[in-house]
Amino acid sequence: MEGRLDGKRALVTGAGKGIGREIAKRIAECGAEIFALSRTQEDLDSLKAEVPNINIMNVDLQDWDKTREEVSKIGHIDLLVNNAGVGCRLPFIDTPKEEIDRLYDVNVKAVFNVSQVIAKRMIEKGEGGSIVNISSIWSRTAHPDASAYSSTKGAVDNMTRCMALELGPHNIRVNSVNPTFVITNMTKGQEHTVTSLLERTPMGRFAETKDVVNAVVFLLSDQSCMISGESLRVDGGLGVY
Ligand code: NDP
């Protein structure tokens, strides 16, 4: 069946909750062996209860050395989804160093760290691979109280292009998925702050988790074998403005 991922080994970061959890479950349904990385043990335990053959990894991505050590242990990976992310809504002028560090550690530096380990293995094995980075529509536009978050996602978009350039000769594709607002643990209760997004969305709704998952699976699968360096908006047309 087209879009199947049988025989592949996949790592999903931030797989405990929200979008990452649903990505991990769908990739497992598509036949891949999954490594689900997150940092709250209860989330990982409940994921394992739902999908018993999933491999769970409790790692705090803010810890550079420990992350590198744990990711190095899992061996070859064909498919990587850098999904883990954190947000904050603070005015530019008042965003403290601790928040800037936290967002850059998880949203940017962890993508470097995990991808370096995995891509090195992919190159050594010589069978290529696919990497998807979860970015955001806010990577390209300005929103009030979002300078830290938006700037990390801008960095992810350009890191995606640079990775695609350097890893393409090894048959490793790198793309990002850039969703509009999705109601998850990260965003619930914030709907009232983004009503202007909804007003400007031609499709007239926010994204659902499954809309994002569908785009990720497409970019992981051979269905997208000539697509690399792309940032795929999942935003109901909002980005046309
Ligand atoms: P959630 O907060 O629901 O889930 C994020 C997951 O990442 C959690 O499992 C969380 O674990 C994990 N995580 C966070 N920090 C770390 C860390 N230091 N180490 C290990 N795991 C960590 O977020 P979403 O599902 O909404 O977001 C997923 C991605 O999608 C993010 O990159 C986000 O920026 C992006 N995105 C989300 C949008 C939205 O509207 N929801 C829109 C556009 C992009 P724990 O809970 O244990 O900290």
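See the structure shown above.
All values derive from a computational prediction rather than experimental measurement.

Topic: the overall build of the protein
Phase 1: Scanning the protein for helices and strands turns up seven helices and seven strands.
Phase 2: Along the protein, helices (α) and strands (β) appear in the sequence β-α-β-α-β-α-β-α-β-α-β-α-α-β when read from the amino end.
Phase 3: For 241 residues, the compact-globule estimate of 2.2 N^0.38 gives 18 Å, and the C-alpha radius of gyration of the protein, at 17 Å, lies within 12% of that figure.
Phase 4: Taking the principal axes of its C-alpha atoms as reference, the protein extends roughly 45 × 40 × 35 Å.
Phase 5: Sequence separation of 24 or more characterises 69% of the internal contacts of the protein that already satisfy a separation of 6 or more.
Phase 6: Across the protein, the 28 positively charged side chains and the 32 negatively charged ones have centroids separated by 2 Å.

Some words on the sheet that holds strand E4 (residues 79-82)
Phase 1: Taken in spatial order, the seven strands make up an open sheet running E3-E2-E1-E4-E5-E6-E7, and their pairing is parallel. In this open sheet, the two edge strands, each paired with only one partner strand, are strand E3 (55-58) and strand E7 (231-234). Averaged over all neighbouring strand pairs, the angle between strand axes comes to 15°, with direction disregarded.
Phase 2: One ladder, built from four bridges, connects strand E2 (residues 33-38) with E3; its direction is parallel. Note on E3: the bridge partner recorded for Leu-37 is Met-57.

A short note on the site of the ligand
Phase 1: Around the ligand sit 30 residues in total, of which Lys-17, Arg-39, Thr-40, Tyr-149 and Thr-184 are the nearest.
Phase 2: Here Thr-40 contributes a side-chain N or O atom positioned 2.4 Å from an oxygen atom of the ligand.
Phase 3: Between the ligand and Leu-61 there is a distance of 2.9 Å, counted from a nitrogen atom to a backbone nitrogen or oxygen.
Phase 4: Secondary structure elements with two or more residues in the shell around the ligand: helix H1 (18-29) and helix H5 (147-167).
Phase 5: The class makeup of the residues in the shell around the ligand is 12 nonpolar, 14 polar and four charged.

Quick notes on the rules
Residues numbered from 1 in each chain as written. Predicted model: local features only at pLDDT ≥ 70, side-chain atom pairs only at ≥ 80, totals over all residues. Heavy atoms only, no water. Helix = DSSP H or I, 4+ residues; strand = E, 2+ residues; numbered from the N terminus. Rg over C-alpha atoms; globule rule 2.2 N^0.38 Å. Contact = heavy atoms within 4.5 Å. Lys, Arg positive; Asp, Glu negative; His and termini not counted. Charge placed at Lys NZ, Arg CZ, Asp CG, Glu CD. Pairing = 2+ DSSP bridges. Axes fitted to C-alpha atoms, helices over the stretch in contact; angles between N-to-C directions. Near = heavy atom within 4 Å. Polar contact = N/O pair within 3.5 Å; in protein donor to acceptor, adjacent residues only side chain to side chain. Nonpolar A, V, L, I, M, F, W, Y, C, P; charged D, E, K, R; others polar.

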